[in-house]
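Geometric and topological summary
Spelled out from the first residue to the last, the chains are:
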Amino acid sequence: DFIGENQKMYNQEDKTGLWVGIGIAVLVLITILSVGISASNSAVRYEKNIPKQISDLNVLENRKVTLFNNMVDTIKASTSREEEILTKITELRSSGKSDSSAISITAEAYPELKSIQNYNTFMTEMAITENGIATQRQAINSTITDYETLFSVFPSSLFLSGREMKNFPLFN
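Everything in this summary refers to the structure shown in the same document. Keep in mind that what you see is a predicted model, and the values were worked out from it rather than measured.

The rules we used
- Residues numbered from 1 in each chain as written.
- Predicted model: local features only at pLDDT ≥ 70, side-chain atom pairs only at ≥ 80, totals over all residues.
- Heavy atoms only, no water.
- Helix = DSSP H or I, 4+ residues; strand = E, 2+ residues; numbered from the N terminus.
- Buried < 20%, exposed > 50% of the residue type's maximum accessible area, 1.4 Å probe, protein only.
- Areas by Shrake-Rupley, 256 points an atom, 1.4 Å probe, with all protein chains shown as cover.
- Polar contact = N/O pair within 3.5 Å; in protein donor to acceptor, adjacent residues only side chain to side chain.
- Contact = heavy atoms within 4.5 Å.

Another point: the overall build of the protein. Looking only at helices and strands, the protein has four helices and zero strands in total. Burial analysis of the protein (172 residues in total) assigns 20% to the buried set. As displayed, the protein has an accessible area near 12,500 Å², and 59% of this comes from carbon and sulfur atoms.

Written as structure tokens, this is what we have:
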């Protein structure tokens, strides 16, 4: 009797140990699958995000070109207008007319001299745009580096070994 009960307890402990072992194996398998799925999803997110960031950089670079062209035209127009004003004032002064009312009327007929103000505005806008471009390039380079690292580090490198890593150039 003692041996039979002892054997029943032993069989129950075997079954309990078996279920614990199966449970641990299932948890390990779920963990491995989760890491693999996470690595794959991260790679996909990077592959979608990097071209978007490059597109955002292109928008900033196009803004820079447009801003430059518009501001050059504006500054040229302002400078031309101011040159006319200064030429008229110089002509009035050199013609011997010292009538200050003639100079005053001539000055009032023209807008305020703004070429320096336009130039300062242009420089501020260019600096803002250049800073935006530099920041965007840094963000792209960081994202590309993270993407490449994902393929290089353990354990994600194991799960991504069958996936081709896309080549994205870094920006200077």
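Still more to cover.
This brings us to the side chain of S156. Inspection of the secondary structure assignment puts S156 in helix 4 (residues 156-160). Within polar-contact distance, the side chain of S156 engages the backbone oxygen of L150 at 2.5 Å. When residues no more than four places from it in sequence are discounted, the contact partners of S156 are A39 and L150.

So, about the environment of E130. Tracing the chain through its elements places E130 in helix 3 (residues 115-152). Sequence spacing of E130 and E61 is 69 residues, and the spatial spacing of their C-alpha atoms is 8.5 Å.

The topology assignment puts Q53 in helix 1 (residues 2-94). In this structure Q53 comes out as buried when scored by relative accessible area, which is 12%. What Q53 contacts, discounting residues up to four positions off in sequence, is Q136, A139, I140 and T143.

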